[in-house]
Structure formats: structure tokens, C-alpha cells
Amino acid sequence: VTQPVGWGVIGTGAVAVDFARALATVPDARRVAVASRRPERAQRFAADHEFDGARDDVSTLLADPAVDVVYIASSTSLHHEHALAALAAGKAVICEKPFTASAGQAAEVVAAARAAGRFCMEGMWLRFNSVVVELKRQLDAGALGAVSTASISVGYAKSADTRGLPADGRGAMRTYGCYAFSLAVHLFGPVQSVSAVVRRDAAGVDTSAAVLLDHGSSTTTIDTSVSTQLGNRLEICAAQAVASIPRSVIDPQQLVVRRFPRNGRRQVLADAFAPLAARLPASKANARSGFRGEIAEAMHCVRGGLTESGVMPLDETLHVQRLMEEALSGRADIGDNPGAS
Ligand SMILES: NC(=O)c1ccc[n+]([C@@H]2O[C@H](COP(=O)([O-])OP(=O)(O)OC[C@H]3O[C@@H](n4cnc5c(N)ncnc54)[C@H](OP(=O)(O)O)[C@@H]3O)[C@@H](O)[C@H]2O)c1
């Protein structure tokens, strides 16, 4: 008989709701408790998603011996504090993206997890989405040929009052860019250099950025924004195919591959526009497959005594955090008003 794994959730926002819905579909995931600063909100969340209990502070949740894994869905600026507290309490941790609000904070959490010997993973559900799993499988098998270049856009227009201050980690780079950086590193390997043009609002929060990543043998360009609705697409140009996720790259439903003849001539076959989606379920359930995969991965690792995920390793979280910081501090920065002195 498999022992259930006990889950605690910190935060009751929209992402916590999506996660709780996915948790309810995973066998042997016991929904132990949810913590919120507002007792009535925690109670409502616990009732809605059938958790055993509601806690009105994080420390009470962390003191509960029935909680094995803590899912951190608090505001980004609190991830560092909540992850360190959970690890100090001996819990395994999944921490929502972006892992922390700075690369320095990420390094502290990773060091704490490694010192404690506890499982810790960034909650980058995109890596567990079935379309992304299939795309990575194709790339790793060489089915598309060598990748030359890729472009990813991730951006939605948000109201200015949701951006906070620079230290809150709610600018474009960390809110949406992190998905693109993580996807690029996952699919095309580590990055050797990064350059960027970043635009900021009056408070200094990055509202949009155009980024160029050099992977050595290929490049990725990234557009990200919290002030403009972008196309939210991925396109990969490889020797034998152009592959794309045509929309919603942070919640992919479809992978389209247009293959070229193997002799290298760029002749597009009339009938070669073959959406792989025919082989992939595109239901709403699939849209949340990323969360289910993330939860299954954490339970597999915790049960097997593993402290890191091979799909979302901590070194790649650190790599992405450092790249985002470098892009944000790049010499190529310009302000919103380039004409101003
Ligand atoms: N993977 C995804 O698809 C996805 C989607 C959206 C967001 N996210 C990430 O998930 C995180 C949460 O996003 P959000 O938009 O829901 O953020 P948010 O609205 O800023 O806050 C989320 C939760 O943080 C909790 N919180 C705030 N201050 C707290 C405190 N002092 N102590 C304990 N809890 C506190 C709040 O819970 P209470 O008010 O109940 O206390 C709130 O429900 C962010 O890091 C974001 O980047 C991920």
C-alpha cells in the first residue's frame, strides 16, 4: 500500500485554486491544510477544495506533522521567507514561479534545501505540460534537426497598480519572462551570454523587455511584457523543421511541426503542415496537466528520497534567476522616455 503524501498550501489566490483542483485529481495526495492571513478565506478555500483544515498563520501550518510537502503560492516577495521557514520545519517544498524575487534569495533557499537534505523545486508547471514534454522529446531525439534559433513571446497587459515596486519581483521579467527563460534553458541548454533592452515605469519596475540569449550553438529571442498583450507564441527554426506553439505558450495546447525534406533544401511539402495536436489531448484537463505532472514529480521524489527533480533541477532555477538579473541590469537598459536626459 502506498503511503499518502500530506500537502499544505500557503496562499489562497487564483494559482492556489488551480493547484488545489489539480491536487484533488492525484491519487494518494492528502489535502491536509491551507494557510492564509485571513481566517475566513482559508476556511472557505479548505471547504471548497476539501482540505482537512484551515490555518490563519504559516507557522501553524508548518508545525503540522501531517504536512509532508508545502506548496508556496504566496506573493513572490514572500517566497524566500516562506521557503526558508518550510525547509527549517523539515518540509519538502514546491515554490511557485518566479522562485524568488532575486537571484541572491534563490541562492539562499537552494543552499538551505541542500543543507537540510529536503526536496525543493520551483513550481514551473510549464515543464510538465504534455505539449512541452513532447517537444523536448522530439528535440532530444534529433527529430527536428539542429536548432538554429527560437523566439518566445510572453506578455499580458496588467493594470499599473499590480506591478508593485522593483523589489517585489512583479515586473515583466520575473512575472512572465521567467517562463520563457526556463523554457529556453530546458529545451536548448545553458546560456552563455544574455543581452537585453528593458523598459521601466516611473517606479523603476520593468514593464517590458526584449532579450537575446546565446546558447552557443543556437540563440533564443524573448519578448516579455506586463504592459502590452503579446502573441504568447514559441517558434523554433531547426535544420529539418519549423516547430511552433502557436498560442498560449505558458499553457500550451498544441504543437505544430512543419517538416522540410531531409536533403536540407528548404522546400516546404504541401501536405507537411502536420499538427501533432492530433496525437495530444487538448481538453481543459490537459491544460492543467502541468500542475498534475508537477505534483506527481514532487510525490515521486519525496517517496524516493530524492531532494531534487531531474525535470526542474535547482541549478536551472538558479541559472534562470541569474540570467534574469543580468538582463535586468544590462547596459542596454533604456527608460520609458528615451528622449529625456
Ligand atoms: N504557475 C502559474 O500559472 C502562476 C499563475 C499566477 C501566479 N503565479 C505565481 O504564484 C504566486 C502567487 O500569485 P498571485 O497572483 O496569486 O499573488 P498575490 O495575489 O500577490 O498573493 C497570493 C497569496 O499570497 C498570500 N499572502 C500575501 N501576503 C501574505 C503573508 N504576509 N503571509 C501569508 N500569505 C500571504 C495571500 O494569501 P491571503 O490573502 O489568503 O493571506 C494571497 O492569496 C506568485 O509568485 C506568482 O508569480 C503562478
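Every chain is numbered independently, its residues counted from 1 as its sequence is written. Owing to the predicted nature of the model, reporting of local features is limited to residues with pLDDT of at least 70; listing and counting of side-chain atom pairs is limited to 80 or more, with chain, interface and lining totals taken over all residues. Each side-chain value is worked out from all heavy atoms of the structure, with water and hydrogens disregarded.

A. Structural context of the site of the ligand. Taken together, 20 residues surround the ligand, and among them Thr12, Ser36, Arg38, Thr76 and Lys97 come closest. Within the side chain of histidine 79, a nitrogen or oxygen atom sits 2.9 Å from an oxygen atom of the ligand. Any pair of nitrogen or oxygen atoms within 3.5 Å is treated as a polar contact; in protein, a donor-acceptor pairing is required on top of that, and neighbouring residues in sequence qualify only through side-chain atoms on both sides. Taking tryptophan 125, its side chain carries an N or O atom lying 3.2 Å from an oxygen atom of the ligand. Per-residue and other accessible areas were derived by the Shrake-Rupley procedure at a 1.4 Å probe size, with only the shown protein chains allowed to occlude residues. In isolation the ligand exposes 900 Å². Once the protein is present, 75% of that is buried. Going along the chain from the N terminus, every DSSP run of H or I of four or more residues is numbered as a helix, and every run of E of two or more is numbered as a strand. Looking at the shell around the ligand, the element that brings in the most residues is helix H4 (residues 76-88), giving four residues. In this classification, the charged set is Asp, Glu, Lys and Arg, the nonpolar set is Ala, Val, Leu, Ile, Met, Phe, Trp, Tyr, Cys and Pro, and all remaining amino acids, among them Gly, are polar. Looking at side-chain class alone, the shell around the ligand contains six nonpolar, nine polar and five charged residues. Here, proximity means that at least one heavy atom of the residue falls within 4 Å of the molecule or strand.

B. Broad picture of the pairing of strand E2 (residues 29-35). A large share of E2 lies buried, amounting to six of its seven residues. Inspection of the sheet shows strand E1 (residues 5-10) paired to E2 by six bridges, in the parallel sense. What sits directly across from valine 5, in E2, is alanine 29. The definition of a right-handed crossover adopted here requires that, viewed with the strands pointing away, the path from the first strand over the helix to the second runs clockwise. With helix H1 (residues 14-23) bridging E1 and its parallel neighbour E2, the resulting β-α-β unit is right-handed. Pairing between strands is defined by DSSP: at least two bridges between them are needed. In terms of strand pairing, E2 meets strand E3 (residues 53-55) through three bridges, oriented parallel. Within the sheet, the bridge partner assigned to valine 34 lies in E3 and is alanine 54. Burial classes: relative accessible area under 20% of the type maximum marks a residue as buried, over 50% as exposed, and values in between as partly exposed (1.4 Å probe, protein chains only).

C. Looking closely at the state of the cysteines. Two cysteine sulfurs form what is called a disulfide whenever their separation falls within 2.5 Å. Counted under the stated rule, the structure contains zero disulfides. No disulfide involves cysteine 120; its sulfur sits 7.1 Å from that of cysteine 95, the nearest cysteine. Classification of cysteine 120 as buried rests on a relative accessible area of 0%.

D. Expanded view of helix H10 (residues 314-328). Given a rise of 1.5 Å per residue, 15 residues ought to cover 21 Å, and the 21 Å separating the end C-alpha atoms of H10 matches this to within 8%. Buried residues along H10 sit in contact with helix H5 (103-116), strand E6 (120-123), helix H7 (172-188), strand E8 (193-200) and strand E9 (206-214). The span expected for a helix works out to 1.5 Å for each residue beyond the first. Contacts: residue pairs with any heavy atoms within 4.5 Å of one another.

E. The sheet that holds strand E4 (residues 69-72), seen in detail. One open sheet holds the six strands; their spatial order is E3-E2-E1-E4-E5-E6, and the pairing between them is parallel. The open sheet has two edge strands with one neighbour each: E3 and E6. Neighbouring strand axes in the sheet, compared pairwise and without regard to direction, differ in orientation by 25° on average. Comment: axis = line fitted to C-alpha atoms, over the contacting stretch for helices; angle = value between 0 and 180 degrees taken between N-to-C directions.

F. Structural context of unusual backbone geometry. At the junction of lysine 97 and proline 98, the peptide bond is cis and its omega measures out at -20° in the coordinates. For proline 98, the position within the fold is in the loop between strand E5 (92-96) and H5. One non-glycine residue, aspartate 28, lies in positive phi territory at about 65°. Its place among the elements puts aspartate 28 in the loop between H1 and E2. Judged by its relative accessible area of 36%, aspartate 28 falls in the partly exposed class. For asparagine 232, which is not a glycine, the phi torsion comes out positive at approximately 55°.

G. Region of interest: the packing of H7 against H10. The contact between H7 and H10 brings their axes to 10 Å, and the two run at 125°. For the element pair H7 / H10, the angle class is oblique. For the pair H7 and H10, the crossing hand works out as right-handed. Judged by residue contacts, Met173, Arg174, Cys178, Phe181, Ser182, Val185 and His186 of H7 engage Glu316, His319, Val320, Gln321, Leu323, Met324, Glu325, Ala327 and Leu328 from H10. Across the contact of H7 with H10, the residue classes tally to nine nonpolar, four polar and three charged. Angles are sorted into four bins: roughly parallel if under 35 degrees, roughly antiparallel if over 145, roughly perpendicular if 65 to 115, and oblique for all others. Two helices crossing with the near one rotated counterclockwise from the far one by less than a right angle form a left-handed crossing, whereas a clockwise rotation gives a right-handed crossing.

H. Structural detail: the pairing of E6. Across four bridges, E5 lies against E6 in parallel orientation. Residue pairing across strands places valine 93 opposite cysteine 120, the latter belonging to E6. Viewed along the sheet, the connection from E5 through H5 into E6 turns out right-handed.

I. Up close: the pattern of salt bridges. Only one rule defines a salt bridge in this text: a Lys or Arg side-chain nitrogen within 4 Å of an Asp or Glu carboxyl oxygen. Enumeration over the complete set of coordinates arrives at 12 salt bridges. Here arginine 163 ties to aspartate 201 by a salt bridge, and the two come within 3.5 Å at their closest N and O atoms. Remark: aspartate 201 occurs in the loop between E8 and E9 and arginine 163 occurs in the loop between strand E7 (147-155) and H7; sequence separation between them is 38 residues. Taking relative accessible area as the criterion, arginine 163 reaches 10% and is therefore assigned buried. Here aspartate 201 falls in the buried class, since its relative accessible area comes to 18%.

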